[in-house]
Amino acid sequence: MSSRRSRSRQSSGSRITDDQIIDLVSKLQQLIPELRGRRSDRVSASKVLQETCNYIRNLHREVDGLSDRLSQLLASADTDSDQAAIIRSLLME
Amino acid sequence: MDLHNLNPSSLKSRFTTRFLRALTEINARKPIASSSSPREIFQRYRRIKDAADTSMAYSVRSRRTWSKATLWRLRTPSHRRRLASFGRRSSLNKTRTTTTASHRGAVVVQITSRGGGLGVQLEELRELVPGGEAMDLCNLLDETAHYIKCLTTQVQVMRTIANLYSLE
């Protein structure tokens, strides 16, 4: 992965450069739908981190909701025969 | 549909296969009648959620701190976890980093270890990312990016499965 650069600099006394941080923060920014595409010098690191936390919380909530939905649906589903169909349609995107 | 684009070794397909297998096991273990008690439904919800998180943690190609922390959390009984995290937290302060503000005008970064600046959001982030409390800043940001990518894949697949099942 791309993190080899930052990982190789990690020893307990090493100074982390601002460039590394700026780089990582703007990489994060691109992953967040709210902030994607905005120029990174217009968005503060604080905002990126705040939106990151919100986004992760939303994703957790979605996982919860979907698990709940699946637990209701599984009751009436015939999983074996559906599996092949599901896999096929999921992987053909 | 272009079959040549099928990537059987992608994160998405690894997760899908694992998770579907887990769902079948969960269903086989205790087939739920439509007259299940709320408690049974809750237990099943928990099992499904844990199966999803576990499947994703197993599906990553190179093991990350967050994926290891997820698996550890789901497999270690809580009393042993509490003892372990006590030891971890007391050595935390050594790994905090301090950098000064950049003068370049781009993203101005001012990171202090406690309070002020980005301290509060970093603390929040550490709680949201599995294993975050023990990561130094660079690793935290890097792991967060990877964690988000995996979470979005997880949600996408779970939603597709739920939609397909609800078509019946």
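Only a predicted model underlies this, so the values are computations on that prediction, with no experimental measurement involved.

Criteria and cut-off values
Residues numbered from 1 in each chain as written. Chains lettered and ligands numbered in written order. Predicted model: local features only at pLDDT ≥ 70, side-chain atom pairs only at ≥ 80, totals over all residues. Heavy atoms only, no water. Helix = DSSP H or I, 4+ residues; strand = E, 2+ residues; numbered from the N terminus. Buried < 20%, exposed > 50% of the residue type's maximum accessible area, 1.4 Å probe, protein only. Contact = heavy atoms within 4.5 Å. Expected span 1.5 Å × (residues − 1). Axes fitted to C-alpha atoms, helices over the stretch in contact; angles between N-to-C directions. Parallel < 35°, antiparallel > 145°, perpendicular 65-115°, else oblique. Left-handed = near helix turned anticlockwise from the far one by under 90°. Nonpolar A, V, L, I, M, F, W, Y, C, P; charged D, E, K, R; others polar.

Chemist: Any details on the overall build of chain B? Residues and values, ideally.
Modeler: If you tally the helices and strands in chain B, you get six helices and zero strands. When the elements of chain B are put in sequence order from the N terminus, they spell out α-α-α-α-α-α. The buried share of chain B, reckoned over its 168 residues, is 46%. In chain B, 53% of the contacts between residues at least 6 apart in sequence involve partners at least 24 apart.

Chemist: Provide a residue-level description of helix α6 (residues 137-165) of chain B, including the pertinent values.
Modeler: In this model α6 of chain B runs 42 Å from its N-terminal to its C-terminal C-alpha over 29 residues, within 8% of the 42 Å that 1.5 Å per residue would give. Of all 29 residues making up α6 of chain B, 22 are buried, and the element is well covered by its neighbours.

Chemist: So, the packing of helix α2 (residues 38-59) of chain B against α6 of chain B: which residues are in play, and what are the values?
Modeler: All names here are of chain B. Axis separation between α2 and α6 bottoms out at 11 Å; the angle between their running directions is 130°. Looking at the two axes, α2 sits oblique to α6. Along this stretch, α2 crosses α6, giving a crossing that reads as right-handed. The residues of α6 that touch α2, namely those facing Ala52, Asp53 and Met56, are Cys150, Thr153, Gln154 and Met158. For the contact of α2 with α6, the per-class residue count stands at four nonpolar, two polar and one charged.

Chemist: Provide a residue-level description of the packing of helix α3 (residues 45-74) of chain A against α2 of chain B, including the pertinent values.
Modeler: Taken N-terminus to C-terminus, the directions of α3 of chain A and α2 of chain B make an angle of 125°; their axes are 8 Å apart at the nearest point. Classified by the angle their axes make, α3 of chain A and α2 of chain B are oblique. As α3 of chain A runs across α2 of chain B, the sense of the crossing is right-handed. Along its contact with α3 of chain A, which presents Val63, Asp64, Ser67, Asp68, Leu70, Ser71, Gln72 and Leu74 of chain A, the element α2 of chain B presents Ile41, Arg44, Tyr45, Ile48, Lys49 and Asp53 of chain B. Across the contact of α3 of chain A with α2 of chain B, the residue classes break down as six nonpolar, three polar and five charged.

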